[in-house]
Amino acid sequence: MSAEPMPARDDTGLDERSLRMLAFEGRAFTQPGPKAEAIRAEFGISAARYYRILGELIDSPAALRHDPMLVKRLQRMREARAATRARRSLPIGRTLD
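Here the structure is a predicted model, which is why all the values come from computation and not from measurement.

Quick look at the overall build of the chain
Step number 1: Helices and strands together make up the secondary structure of the chain, namely five helices and zero strands.
Step number 2: Buried positions account for 26% of the 97 residues belonging to the chain.
Step number 3: If you take every contact in the chain between residues at least 6 apart in sequence, the share linking residues at least 24 apart comes to 41%.
Step number 4: Total accessible area on the chain stands at roughly 7200 Å², and carbon and sulfur atoms take up 56% of it.

Some points on the packing of aromatic side chains
Step number 1: Tallying each qualifying case throughout the model produces five aromatic pairs.
Step number 2: On the basis of an interplanar angle of 80 degrees and a centroid distance of 5.4 Å, the ring pair of Phe24 and Phe43 is categorised as edge-to-face. Remark: Phe43 occurs in helix H2 (residues 32–43) and Phe24 occurs in helix H1 (residues 16–25); sequence separation between them is 19 residues.
Step number 3: According to the relative accessible area criterion, Phe24 is buried, its value standing at 0%.
Step number 4: An aromatic cluster of at least three residues, connected via ring pairs, comprises Phe24, Phe29, Phe43, Tyr50 and Tyr51.

Some words on the layout of surface pockets
Step number 1: By volume, the largest pocket is sized at about 410 Å³.
Step number 2: Elements that contribute at least two residues to the lining of the largest pocket include exactly H2, helix H3 (47–57) and helix H5 (68–89).
Step number 3: Class assignment of the residues belonging to the lining of the largest pocket gives a composition of ten nonpolar, three polar and seven charged.

Notes on the pattern of salt bridges
Step number 1: According to the stated counting rule, one finds five salt bridges in the structure shown.
Step number 2: The partner of Glu42 in a salt bridge is Arg27, and the shortest N-O contact between them spans 3.6 Å. Here Arg27 lies in the loop between H1 and H2 and Glu42 lies in helix H2, a separation of 15 residues in the sequence.
Step number 3: You can call Glu42 partly exposed: its relative accessible area is 31%.

The rules behind these values
- Residues numbered from 1 in each chain as written.
- Predicted model: local features only at pLDDT ≥ 70, side-chain atom pairs only at ≥ 80, totals over all residues.
- Heavy atoms only, no water.
- Helix = DSSP H or I, 4+ residues; strand = E, 2+ residues; numbered from the N terminus.
- Buried < 20%, exposed > 50% of the residue type's maximum accessible area, 1.4 Å probe, protein only.
- Contact = heavy atoms within 4.5 Å.
- Areas by Shrake-Rupley, 256 points an atom, 1.4 Å probe, with all protein chains shown as cover.
- Phe/Tyr/Trp six-rings, centres within 6.5 Å; stacked < 30°, edge-to-face > 60°.
- 1 Å grid on protein atoms, 1.4 Å probe; cavity = no way out; pocket = protein on both sides within 12 Å on 5 of 7 lines; lining within 4 Å.
- Points joined across faces, edges and corners; volume = space filled by probe spheres on them.
- Nonpolar A, V, L, I, M, F, W, Y, C, P; charged D, E, K, R; others polar.
- Salt bridge = Lys/Arg side-chain N within 4 Å of Asp/Glu carboxyl O.

So, in structure tokens, the structure goes:
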């Protein structure tokens with residue numbers, strides 16, 4: 001019985017896939033279509049699954065230690081999207097205060 005090799009980790013404790021995802025997010029994509037295609041090519045998963053994994057990753061202290069500027073930027077972008085969704089779901093004439 002052979003043991004499976006442990007995934008490579010950096011000094012922050014992130015595995016290789018997490019490191020690749022953070023590096024991928026550091027690239028500039030201006031359109032969602034090409035990014036979704038690149039996600040499938042790079043990681044072999046759907047964009048929806050990628051974003052679920054990324055959401056968990058950017059909440060991890062290890063990711064914040066690895067690249068604080070990128071992780072904070074991704075968190076701000078996520079919060080802005082959530083605020084936009086919340087505003088759209090409010091009845092007309094109501095505001096978030």
